[in-house]
Amino acid sequence: MNTKSVLAHLLLALGGLTLAYLVWTDDEAAPAPGEVTIFACDPDELSRIELELGEREVTVELNRDGEQLLAWVTVTRTPEEGEATTQVFVGSEELEAYLAQLAPLRATRSLGALSEEQLADVGLAEPEGALRLRCGERSASFQIGASAYGNGDRYVMGESGPAYLVARDRVQPLESAEHQLMQRALHTFEWSEVEGLTVSGWGAERTLLQRNRLDPQRAEWVDVSAPDRRNELFGNWLQRYPRLRVQEYLGPDQRPGADLDDVSEAPEPLLRLAIRGEDGPLGEVEMQRVGRDAYYVRTETTRSWVRIPTSVASGFIEDARTVLGQEPAPDAPEEAPAPEAPASEAPAPEAPAPEAPAPEAPEEGPSAEAPTPAPVRPAPDRPASPSPTAPTPPPAE
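Conventions used here
- Residues numbered from 1 in each chain as written.
- Predicted model: local features only at pLDDT ≥ 70, side-chain atom pairs only at ≥ 80, totals over all residues.
- Heavy atoms only, no water.
- Helix = DSSP H or I, 4+ residues; strand = E, 2+ residues; numbered from the N terminus.
- Buried < 20%, exposed > 50% of the residue type's maximum accessible area, 1.4 Å probe, protein only.
- Contact = heavy atoms within 4.5 Å.
- Areas by Shrake-Rupley, 256 points an atom, 1.4 Å probe, with all protein chains shown as cover.
- Arc of directions from axis to C-beta.
- Lys, Arg positive; Asp, Glu negative; His and termini not counted.
- Salt bridge = Lys/Arg side-chain N within 4 Å of Asp/Glu carboxyl O.
- Polar contact = N/O pair within 3.5 Å; in protein donor to acceptor, adjacent residues only side chain to side chain.

A. Representation of the overall build of the protein within the structure. Tallying secondary structure elements over the protein gives seven helices and 19 strands in all. Per-residue burial over the protein gives 35% buried out of 397 residues. By sequence separation, contacts in the protein at least 24 residues apart represent 55% of the contacts at least 6 residues apart. Summed over all atoms, the accessible surface of the protein reaches about 26,300 Å², with 50% contributed by carbon and sulfur.

Right, here's the structure in full:
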């Protein structure tokens, strides 16, 4: 075999490997055997999702800024009795994974054209809801029927054409969007990416650095003015931060306290955090409080104000005051006073001893002064027996 032949075979082999690699790394997974594509769409082109099912309406608005995805999810419940409720929140990273399942939309199998009786059997004669997708300039709508027995897959049918059976995970995340698709974390970056932060509040400011940030066992926080001096106060304070998670989103235009009934007081600004990484700013945090128990946060990820757990937030704020060299808040909860020692259970004497007669008053003169009483001493651990000559005086107020 000559050199040209060897070179040709090498080029063919390289081309085959390249093609195999491109197929293997293709973002769009190949359909499983028997699957049918019922709406072709690239996940990056999906711009709106709507689900109507029972008393729920779910809308997902997808906006992209380069590689960054911002998803606003709106869930409206309209019960048969009572008032309708609406939640608006930011979609989580789990939502991005869900989009890859939804676009392109595939069915596990096609059922073909069904008779009226068959449509009634699968819940499509009187559909339970609808799923609508918008992909670029195109859109598609599917009626949603009953769930298949056993695995929960859904029967669906387009505006025209055959009926299909789609996997349960194509619809179910939207049915419980507020539990599965809500962004609960205040940020999307990892704490190991943080090089430092500046905390400010109550007229004070402090900048901290995270040393050994890539090694969780050796990572520690120090003051920028004394980078070689370790202070466990900073690390203990920031350990609380990841526990601050979203309980509830306020509307995009609502301010802290809008979710509270009969509360008119203005929000109290507490502190700000400016978090930076190796390449610049990573995130910003604002914290406010309404009353004594309602704490709110707004970050670059939540976009709007969110309610956070009171128990964690109150401790985080009190520690922040210490980090900034502030006195404890005037309205901080005080420790409960120690309970009074119980009275002695020793039986009281049947009758007190007769009091000694009071001494006669001395004659008037320069030395006629009342004797100075002995100082009161604290009671011993075990109460003393009652005096046989005088009753025990009541405790001082």
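B. Up close: helix α2 (residues 93-102). Among the residues making up α2, those that are buried are L95, Y98, L99 and L102. Across the axial projection of α2, the buried residues extend over an arc of 110°, all falling on one side. The exposed residues of α2 that point more than 90 degrees off its buried face are E94 and A100. The secondary structure elements touched by the buried residues of α2 are β2 (46-53), β3 (56-65), β4 (68-77), β6 (105-107), β8 (129-135) and α4 (172-175).

C. The environment of L208, seen in detail. In this fold, L208 is placed in strand β13 (residues 204-211). Looking at L208, the relative accessible area reads 0%, which means it is buried. Sequence-wise, L208 and S225 are 17 residues apart; in three dimensions their C-alpha atoms are separated by 8.6 Å. Non-local contacts of L208, meaning those with residues more than four positions away in its chain, are made with G196, L197, W221, V222, D223, F234, W237, L238 and R276.

D. View of the side chain of D153. With respect to the helices, strands and loops of the structure, D153 is situated in the loop between β9 (138-147) and β10 (154-158). R168 is the oppositely charged side chain nearest to the buried, salt-bridge-free D153, at an N-O distance of 6.8 Å. Of note is the side chain of D153, whose polar atom sits 2.9 Å from the backbone nitrogen of R168. Those residues in contact with D153, other than ones at most four positions away along the chain, are A146, S147, A148, L165, V166, A167 and R168.

E. Just the pattern of salt bridges, in detail. What the rule picks out here adds up to 22 salt bridges. With a closest N to O distance of 2.5 Å, R48 and E50 form a salt bridge. For the pair formed by R48 and E50, the shared burial category is buried. With a shortest N-O distance of 3.6 Å, R213 and E278 are connected by a salt bridge. Placement of the pair is R213 in the loop between β13 and β14 (220-223) and E278 in the loop between β16 (268-277) and β17 (280-290), with a sequence separation of 65 residues. Residue classification places R213 among the buried residues on the basis of a relative accessible area of 18%.

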